Amino acid sequence: MKISLNWLKSYIHFDLSNEELHNLLTDIGLEVESIEPYESVKGGLKGLVVGHVLEKEKHADADKLSVCKVDVGNEVLQIVCGAPNVAAGQKVVVALVGTKLYPSTGEAFEIKKAKIRGVESVGMICAEDEIGLGASHAGIMVLDENTEVGLQASFLFGVENDYVIEIGLTPNRTDAFSHIGVARDLAAALSFRTKKEVELNLPKLTTHDSRLTTDFQVTIENTTACPKYLGIILQNIKVTESPAWLKNRLKAIGQKPINNIVDITNFVLHEFGQPLHAFDLKEIKGNKIIVKNLPAKTKFTALDNSVVELHEEDLMICDGESNGMCIAGVYGGAQSGVKDSTTSIFLESAYFDPKTIRRTSTRHGLRTDAATHFEKGIDPAVTQTALLRAVQLISELAGGEVASEIYDVQSKTFEPFKVTLEYKNIKRLTGANISKEDAKKILALLEIQVAVENETTLELLVPPYRTDVTREADVIEDILRIYGFNNVVIPTKLNASVNFSKSFDADKLYNNTADTLVNFGFYEMMNNSITKSKYQSLLKNQSSENWVRLLSSINVELDVLRNNMLFSGLESVSHNINHKNSNVKLFEFGKTYHKNEEYTEKNHLAIFISGNKSNTNWNTPTKKSDFYYIKSIVDAVLSKIGIAAFDVLDNDLSEIFNYSLLYKKGEKVLVEFGKVHTQFTKQFDIKQEVYFADFNWDAIIATAKKVNINYTEISKYPAVKRDLALLLNKKVKFSEVKSIAEKFGKKILRNIELFDIYEDEKIGHDNKSYAVSFTFRDDAKTLQDNDIDGVMKKLMEEYQSQLNAIIR
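Small disclaimer: the values here were computed from a predicted structure and weren't measured. (Residues numbered from 1 in each chain as written. Predicted model: local features only at pLDDT ≥ 70, side-chain atom pairs only at ≥ 80, totals over all residues. Heavy atoms only, no water.)

In terms of helices and strands, the protein carries 20 helices and 42 strands. Overall, the protein is about 125 × 85 × 65 Å in size when its C-alpha atoms are taken along their principal axes. Residue pairs in contact within the protein that sit at least 24 positions apart in sequence constitute 71% of those at least 6 positions apart. Within the structure as shown, the protein displays about 42,400 Å² of accessible surface, and the carbon and sulfur contribution to it stands at 48%. A distance of 7 Å separates the average location of the 96 positive side-chain charges in the protein from that of its 109 negative side-chain charges. (Helix = DSSP H or I, 4+ residues; strand = E, 2+ residues; numbered from the N terminus. Contact = heavy atoms within 4.5 Å. Areas by Shrake-Rupley, 256 points an atom, 1.4 Å probe, with all protein chains shown as cover. Lys, Arg positive; Asp, Glu negative; His and termini not counted. Charge placed at Lys NZ, Arg CZ, Asp CG, Glu CD.)

Here's what the structure looks like:
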């Protein structure tokens, strides 16, 4: 939000430096991001003065040049001028030597003393485009003959030097979404902290004769979306250019001046925070305003001549024939807007339901200033004040005359919020010793009324414009920000008690897992949970009825919440590859969203690997990532968490993977991982293999809660290794070999590893050879050969009988 310092000072007087103002506004919750200088005309017309052309003579060596004697107030200068309209006796704008000019187009340049065709020229007589005041270059600017010689051009043309305050306004602070809102907060802070009352200098408004009657009518059909609607008719207006002061106010905050009527409505919006809309009265058919909804798919031509197809929930301002003239609170229409020929207007000031406006605005991608204010929630009590302010300005600047009563249609009374405040909770929540008197003074400065007071509590009435103050904690926060966060004394002594707790810490598990993956060379990513339904439709084993759809979205393609982690991750993989980072190792903690009988969210950890295992290095051989690499990462993550015992299953039913494994603990799926099917990678133009692991993080947390970590002494007895070569059918899995070993290895088998796989026609097309290493150790004694031989003999017998293995 941009605030003009000059504009702000028209409502409140203070003598703070920019740095002091920056600190104070930030301290009261209006975080200042920057304070930048602003000039209504670039360069501020510095070095430009009014001159009087005393003499004009033809240049001896140039037909189109003139040599002029120009009085600039304190001296007479000789200036060579090429303008065809220069003449003796004129009052002109002169740029003195050393002045830097900022033309309307082109680069800035500095005026220097020069010789032009042998004649000395000290200064320059200017055209309007040469000093940034217009586009004409037909000749020099000729001023009124009564203009004072030597007068600064900046004063003559009303150039305003200002500072623009950029405030990073949080969404809850709608009360400060205007210049008067900021001034109100600033006045409260200055009054309390300086112990001197700082008053707001608000515009003085007059009411209008309510006896004026017309046959014009205002009707509200949808009172939920529009509980309050005000309007007034003004006639005999003249649509012209706005005065300089009004244009300067708007340009300072980034608004483009249009004409006096539109500029006044924009000015009041940023003054009070109340959007207004002006309709050309002659375009309102049937002499009637109807606030209603139109049928779905109704076409509406907007102010920029674009055609909008309406939704049935869009609130419309219609004429007496139900023609849409304006999307309420969002965007005006092409036909009913103010034009140069407009002489009478109907001026609207209303309160619209924030949810209705937000949905319409996002649905059609119309992010206007009015919609931004309405969707955050405006002050329902300021609608008439803002209307009267606009009437006052239109009367002054456009000659408008009030031609009707104020039409005021309301279906709802906006009552103050009732909040109970206990004094003891101020100290408990803030840590500050704020007295009762100071608390009540701050509340009064914030326009929060005390309805009932007793020794321990206050019954408060919070004004409706403070939509963020509805609880006791909100009130206490408001008291503290005016009191001053920096005034809270930091204790020099810290009391603490030792507390032993075995409670499970899910955040710690998250951080430890993330650290583990980072140590393996992965980068954490955060993807949008909103995705494209066309992605999810690629998965056939699901029903679109279970998708969680968005009611409205700025981007029509982003229309559902993701129900899997795959596609958003593939977008990131594709983005990295397209930006020349082909070795991708990414992980994401995120949620998926589902709709069955009710809406549910599921937590996941997703891992993506593509390209080489590591970046190219002179002393590290390049190896492509494969299934076994992602399996090693999955196993390492589970090992770090402490999950060791689980079932390993083939994941043949998954349509995501070419091949994959599934780890289960009982009925809970812990993780599924494998190589992503090429039909999905092709959708993202990924030409290299992608490996994906999807952890069910909810199941991981539930399992991790039951993990007991036991510490044992390092064995002082040595381990013994034995190797075994097994000729097996290709259908036999290593998990079967491992399961048999664990069952018959008694208590001395510590580990089993597969260190080689051999396949060749020599051993049979359907066969493979496993080289398996067994590690034995007894923590009570040194193992002898006969201890190990007995176990190995039993294992070989079981492999032969159960797996039809041939011992090689």
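There is more to say, and it comes next.
This paragraph deals with the pattern of salt bridges. Per the stated rule, a full pass over the model turns up 39 salt bridges. Note that Arg777 is salt-bridged to Asp779, the shortest N-O span being 3.0 Å. A single salt-bridge network, built from bridges that share partners, covers Arg173, Asp175, Asp185, Arg466, Asp468, Asp478 and Arg481. (Salt bridge = Lys/Arg side-chain N within 4 Å of Asp/Glu carboxyl O.)

Below, the discussion takes up the environment of Glu405. Take Glu405: it is sitting in the loop between strand S24 (401–402) and strand S25 (407–410). Look at Glu405 and you get partly exposed, because its relative accessible area is 29%. Distance in space between the C-alpha atoms of Glu405 and Ile233 is 7.8 Å, their sequence separation being 172 residues. (Buried < 20%, exposed > 50% of the residue type's maximum accessible area, 1.4 Å probe, protein only.)

Their axes nearest at 10 Å, the elements helix H5 (residues 244–252) and helix H6 (residues 260–272) cross at an angle of 50 degrees. Considered as vectors, H5 and H6 are oriented oblique to each other. When the axes of H5 and H6 are compared, the crossing they make is left-handed. Of the residues in H6, those in contact with Trp245, Leu246, Arg249 and Leu250 of H5 are Asp263, Ile264, Asn266 and Phe267. In the contact of H5 with H6, the residues fall into five nonpolar, one polar and two charged. (Axes fitted to C-alpha atoms, helices over the stretch in contact; angles between N-to-C directions. Parallel < 35°, antiparallel > 145°, perpendicular 65-115°, else oblique. Left-handed = near helix turned anticlockwise from the far one by under 90°. Nonpolar A, V, L, I, M, F, W, Y, C, P; charged D, E, K, R; others polar.)

Let us look at the side chain of Arg466. Considering the arrangement of structural elements, one finds Arg466 in the loop between strand S28 (457–462) and helix H12 (472–483). Classification of Arg466 as buried rests on a relative accessible area of 1%. Excluding residues within four positions of it along the chain, Arg466 makes contact with Arg173, Asp175, Phe417, Asp478 and Arg481.

Before going further, it helps to spend a moment on the sheet that holds strand S17 (residues 288–293). The mixed open sheet is built from five strands, whose spatial order is S14-S17-S20-S21-S22. Either end of the sheet is taken by a strand with one partner, and the two such strands are strand S14 (217–220) and strand S22 (331–332). Relative to S17, S14 is paired through four bridges, and the arrangement is parallel. Within the sheet, the bridge partner assigned to Gln217 lies in S17 and is Lys288. (Pairing = 2+ DSSP bridges.)

Any functional reading would require information that these geometric values do not contain.
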